[in-house]
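Notes for the structure review
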Amino acid sequence: MSANGCRLGVNIDHVATLRQARGTAYPDLVAAAQACLAGGAQGITIHLREDRRHIQDRDVYALRREPGVRLNLEMAIVPEIVAIAVAVRPDEVCLVPERRHELTTEGGLDVAGQAASVHDAVDALARAGVQVSLFIDPEPRQIEAAACSGAPVIELHTGRYCNAAEADAAAELARLIEGARLAHRRGLKVNAGHGLSLDNLHGIMSVPHLDTLNIGHSIVCRSVFIGLRQAVAEMSAALSRYAGGLP
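Keep in mind that this is a model prediction, so the values were computed, not measured.

1. Details of the overall build of the protein chain
- Scanning the protein chain from N- to C-terminus turns up 11 helices and eight strands.
- Taking 2.2 N^0.38 as the reference for a compact globule, 247 residues should give roughly 18 Å; the C-alpha atoms of the protein chain span a radius of gyration of 17 Å, in line with that estimate.
- Per-residue burial over the protein chain gives 52% buried out of 247 residues.
- By sequence separation, contacts in the protein chain at least 24 residues apart represent 68% of the contacts at least 6 residues apart.
- Element-wise, carbon and sulfur atoms account for 52% of the exposed surface of the protein chain, whose accessible area totals about 11,100 Å².
- Where the 24 positive side-chain charges of the protein chain centre and where its 28 negative ones centre are 4 Å apart.

2. A word on the layout of surface pockets
- One number sums up the size of the second largest pocket: a volume of about 210 Å³.
- Forming the boundary of the second largest pocket are 19 residues, of which Gly 43, Arg 70, Glu 92, Thr 212 and Asn 214 lie nearest the centre.
- Secondary-structure elements contributing two or more residues to the lining of the second largest pocket are strand 1 (7-11), strand 2 (43-47), strand 3 (71-75), strand 4 (92-95), strand 7 (189-193) and strand 8 (210-215).
- Taken together, the residues that form the lining of the second largest pocket break down as four nonpolar, nine polar and six charged.

3. Re the nonpolar core
- Judged by nonpolar contacts, the single largest core of 77 residues is most densely connected at Ile 12, Leu 95, Leu 134, Leu 210, Leu 213 and Ile 219.
- For this core, the element with the highest residue contribution is helix 8 (residues 166-185), accounting for seven residues.
- Aside from chain neighbours lying at most four places away, what touches Leu 95 is Met 75, Ile 77, Leu 109, Ala 121, Val 122, Leu 125, Val 132, Ser 133, Leu 134 and Phe 135.

4. Here's the deal with helix 1 (residues 13-22)
- Within the sequence span of helix 1, burial applies to Asp 13, Val 15, Ala 16 and Arg 19. Around the axis of helix 1, the buried residues are gathered within 155° of arc, so they sit on the same side. Among the exposed residues of helix 1, those oriented more than 90 degrees off its buried face are Leu 18, Ala 21 and Arg 22.
- Check the buried side of helix 1 and you find it contacts strand 1, helix 2 (29-38), strand 2, helix 3 (57-65) and helix 10 (217-226).
- Count one or two residues on from helix 1 and you reach Gly 23, which has phi positive near 65°.

5. Points about the pairing of strand 6 (residues 153-157)
- Counting buried residues along strand 6, five of its five residues qualify, which places the element largely inside the surrounding structure.
- Pairing of strand 5 (residues 131-136) with strand 6, which is carried by four bridges, proceeds in the parallel orientation. The partner of Leu 134 across the bridge, within strand 6, is Ile 154.

6. Focus: the pattern of salt bridges
- Enumeration according to the criterion identifies 15 salt bridges in this entry.
- Linking Arg 49 and Asp 51 is a salt bridge whose minimum nitrogen-to-oxygen distance equals 3.9 Å.
- A relative accessible area of 3% means that Arg 49 is categorised as buried.
- Classification of Asp 51 as partly exposed rests on a relative accessible area of 25%.
- Residue Arg 181 is joined to Glu 178 by a salt bridge in which the shortest nitrogen-to-oxygen separation is 2.8 Å. In this pair, Arg 181 and Glu 178 are both assigned in helix 8, three residues apart and thus about one turn of the helix distant.

7. Here we look at the environment of Asn 214
- Checked against the element boundaries, Asn 214 lands in strand 8.
- For Asn 214, a relative accessible area of 10% corresponds to the buried category.
- Taking the C-alpha atoms as reference, Asn 214 lies 17 Å from Ala 16; in sequence the two are 198 residues apart.
- In contact with Asn 214, other than residues within four places in its own chain, are Gly 9, Thr 45, Asn 72, Glu 155, Ala 192, Gly 193 and His 194.
- Side-chain polar atoms of Asn 214 contact the side chain of Glu 155, separated by 3.0 Å.

What counts as what
Residues numbered from 1 in each chain as written. Predicted model: local features only at pLDDT ≥ 70, side-chain atom pairs only at ≥ 80, totals over all residues. Heavy atoms only, no water. Helix = DSSP H or I, 4+ residues; strand = E, 2+ residues; numbered from the N terminus. Rg over C-alpha atoms; globule rule 2.2 N^0.38 Å. Buried < 20%, exposed > 50% of the residue type's maximum accessible area, 1.4 Å probe, protein only. Contact = heavy atoms within 4.5 Å. Areas by Shrake-Rupley, 256 points an atom, 1.4 Å probe, with all protein chains shown as cover. Lys, Arg positive; Asp, Glu negative; His and termini not counted. Charge placed at Lys NZ, Arg CZ, Asp CG, Glu CD. 1 Å grid on protein atoms, 1.4 Å probe; cavity = no way out; pocket = protein on both sides within 12 Å on 5 of 7 lines; lining within 4 Å. Points joined across faces, edges and corners; volume = space filled by probe spheres on them. Nonpolar A, V, L, I, M, F, W, Y, C, P; charged D, E, K, R; others polar. Core = buried A, V, L, I, M, F, W, Y, C linked by side-chain atoms within 4.5 Å. Arc of directions from axis to C-beta. Pairing = 2+ DSSP bridges. Salt bridge = Lys/Arg side-chain N within 4 Å of Asp/Glu carboxyl O. Polar contact = N/O pair within 3.5 Å; in protein donor to acceptor, adjacent residues only side chain to side chain.

Encoded structure:
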């Protein structure tokens, strides 16, 4: 990414969480996506989990039909979900690990440990014309495996940095910086996300080669007080100051 800023993808899973809490027809996911785009988001991210705890199949189809929505579908390597992605053909798919009892995605995908299944999923999605990203920890072994998988994009898991105690944050940030540099040398496009907020974004701005940050929970929480469009606009303004990791 150039010195013109970093793109923002907004994850609207937790808008769906509110809807599913009472099984209502509101809040409407398409309206949420449009509010995000109006606030300056360049993309919309949703995670179709195997247990359907928030995003439902109908949401994927509705958002794909909506003009102007660049859709990034997060998903585990599960045959049923892969088939949906092949049928829907979102603009991008991000392959993530998934555990039934986790509150949110915990850690990155073990690309090195399941190279064959990752390659098969990447190949099936690529043949459907879908760009594939791999959500991984900033570990050289995983980055090298991602480069061999056929996926052109990685998303660095920023959760450890965001959750780190002050004494450990610098080391976690250094891992992200070195991970981004290695991925860039290996010809991969670099995205990042998980746990990011206006409060911890300052460190991420020193990570080089970032194309897109995918941010959801903190934006949806902030929107309770100021509205979704304005919450997205705040984050978009912050990312506009990204200078490619340069001081």
